[in-house]
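# Residue-level structural notes
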Amino acid sequence: KYQSYILPPTNKSQAIHQHNPPYNKYCTMSESIQKQIEEIEAEMARTQKNKATNYHLGTLKAKLAKLRSELINGPGGKSAGTKNAERGFDVTKSGDTRIGLVGFPSVGKSTLLTTLTGTRSEAAAYEFTTLTCIPGTMKYKGARIQVLDLPGIIEGAAEGKGRGRQVISTARTCNLILIVLDSAKPLTHKKIIEQELFSFGIRINQVPPNVKIIKKESGGIGYQEMVPQTKGMNSEVCRMVLKEFKISCAEIILREDITVDQFIDVIEGNRAYIPVLYVFNKIDALTIEELDILDQMPNYVPISSQHQWNLEELMEEIWDRCNMMRIYTKPRGQIPDYDEPVILHSERNPTVEEFCNRIHRTLIDQFSHAWVWGKSAKHQPQRCGKEHRLMDEDVVQIVKKAG
């Protein structure tokens, strides 16, 4: 009875609009940046690596770092991982340390969280069971360790695929990352996750390079090498990289042998250096010969979260990688409190002052001296000042100033 028809466009702009729907300006720009990144990577792949090409490769690496920062944060954004990047999951930090479970979907992260902490995280036979961050707390040697079960990530997570940015942003806040892998799956999964974390500014199992950059208002570029550079750094490459980052006046002091990539990381100034432990789950599906092959890989722990195999070794590795120490408090005239130790983090032994600040930041103002029992004391007890370095399982009694 009724006929439906489309009116012809009245002008040229309406005709164009019908054939070309509105586009997302940011998506188009992201595609353009991604294309530039691919072109630079292709050029780097076909460029031979020798002393003659160091300058050219350094230029390409500096451009690549800037483009990746723009891709993650949008045009004109700051570098990877800053407050302008996509926010992670809102999980309140609690306990003495925080570790995150990162991995592909269906590798057993939720089962591992339930086994370690008792917190129930839904586990099923299909992928992407966990869609948000599930926190749990486990106790080990008196320390309360917060464990975060993060959603599974996929290839391209650093560019935002599958909520990848939120997952990796939360991983940046952890003291230790556990990369959970399925023992029956190919080891290429390990490389993919490492690349995604690297693209988002996380440097796994590395320490910050010993490089000093002092920006100046005038005077040009000053370049000093305290040790010989054998990995591609020299004054010409340094000046070219600084020019790419629009730094014209600075004093550069290299105190160790570094690569161009490490120098770019120092200039960016926002890289997260986080220890990583590779947890190979589902080892009950492997043979002894296959386990012997995996055993050659560093920084790894084989477990079976379903059967609770080898979890004690995993807990001990977590304790060692987080550099945690137990210090017991002793009230005057009472026995030490061995149930609730004060947990300190330090690559080297912490001082009595750090111990006081961990208890309360105003305690050091009233500090007179401390009595210390344990391995760090020359005799039992030893009267110490605030510079005394403590050792694991020391007992400390703080004495305040009179009046």
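Scroll up to find the structure.
Let us look at the structure shown here.

Analysis parameters
- Residues numbered from 1 in each chain as written.
- Predicted model: local features only at pLDDT ≥ 70, side-chain atom pairs only at ≥ 80, totals over all residues.
- Heavy atoms only, no water.
- Helix = DSSP H or I, 4+ residues; strand = E, 2+ residues; numbered from the N terminus.
- Contact = heavy atoms within 4.5 Å.
- Areas by Shrake-Rupley, 256 points an atom, 1.4 Å probe, with all protein chains shown as cover.
- Buried < 20%, exposed > 50% of the residue type's maximum accessible area, 1.4 Å probe, protein only.
- Arc of directions from axis to C-beta.
- Pairing = 2+ DSSP bridges.
- Patch = residues over 30% accessible without salt bridge, like charges linked within 9 Å, V, L, I, M, F, W, Y side chains within 5 Å.
- Salt bridge = Lys/Arg side-chain N within 4 Å of Asp/Glu carboxyl O.
- Lys, Arg positive; Asp, Glu negative; His and termini not counted.
- Charge placed at Lys NZ, Arg CZ, Asp CG, Glu CD.
- Core = buried A, V, L, I, M, F, W, Y, C linked by side-chain atoms within 4.5 Å.
- Polar contact = N/O pair within 3.5 Å; in protein donor to acceptor, adjacent residues only side chain to side chain.

## Describing the overall build of the chain
Across its full length, the chain carries 11 helices and 16 strands. For the chain, contacts bridging at least 24 residues in sequence account for 64% of all contacts bridging at least 6. Carbon and sulfur atoms make up 50% of the accessible area of the chain, which totals about 22500 Å².

## Details of helix H4 (residues 109–117)
Those residues of H4 not exposed but buried are Lys 109, Ser 110, Leu 112, Leu 113, Leu 116 and Thr 117. The arc that holds every buried residue of H4, seen down its axis, measures 160 degrees, which confines them to one face. Buried residues along H4 sit against strand E1 (97–102), strand E2 (134–140), strand E3 (143–149), strand E4 (176–182), strand E10 (276–281) and helix H10 (311–321). Note on H4: the residue one or two positions beyond its end, Gly 118, has a positive phi of about 85 degrees.

## As for the pairing of E3
For E3, a buried count of six out of seven residues is recorded, marking the element as mostly surrounded by other parts of the structure. By the bridge criterion, five bridges tie E1 to E3 in an arrangement that is parallel. Looking at the pairing, Leu 101 lines up with Asp 149 of E3. Where E2 and E3 come together, seven bridges link them in antiparallel fashion. Its bridge partner being in E3, Pro 135 is matched across the sheet by Leu 148. The hairpin formed by E2 and E3 contains two residues between the paired strands, and Lys 141 there has a positive phi angle of roughly 55 degrees.

## Observations concerning a negative patch on the surface
Among the surface-exposed residues, Glu 289, Glu 290, Asp 292, Asp 295 and Glu 313 lie close enough to one another that they form a single negatively charged patch. Among the elements that make up the negative patch, the one with the highest residue count is helix H9 (residues 288–294) (three residues). Its place among the elements puts Glu 313 in helix H10.

## A word on the nonpolar core
Counting 56 residues, the largest nonpolar core has Ile 99, Leu 112, Tyr 278, Leu 314 and Ile 318 as its most contacted members. In terms of residue count, the dominant contributor to this core is E4 (six residues). Excluding residues that lie within four positions of it along the chain, Leu 314 makes contacts with Leu 112, Leu 277, Val 279, Val 301 and Ile 303. Of all hydrophobic cores here, the second largest spans 21 residues; its members include Ile 221, Met 240, Ile 247 and Phe 263.

## Quick word on unusual backbone geometry
Note that the residue after Gln 380, namely Pro 381, is joined by a cis bond; omega there is -10 degrees. We note that Lys 141 has phi near 55 degrees; this positive angle belongs to a residue other than glycine. Look at Lys 141 and you get partly exposed, because its relative accessible area is 30%. In this structure, Asn 299 takes a positive phi of about 55 degrees despite not being glycine. With respect to the secondary-structure elements, Asn 299 resides in the loop between H9 and strand E11 (300–302).

## What to know about helix H7 (residues 235–244)
Taken as a whole, H7 has its buried residues at Val 237, Cys 238, Met 240, Val 241 and Leu 242. For H7, the side-chain oxygen to backbone nitrogen distance between the N-cap and Glu 236 is 3.0 Å, and the N-cap itself is Asn 234. Remark: Lys 246 follows H7 within two positions and exhibits a positive phi of approximately 60 degrees.

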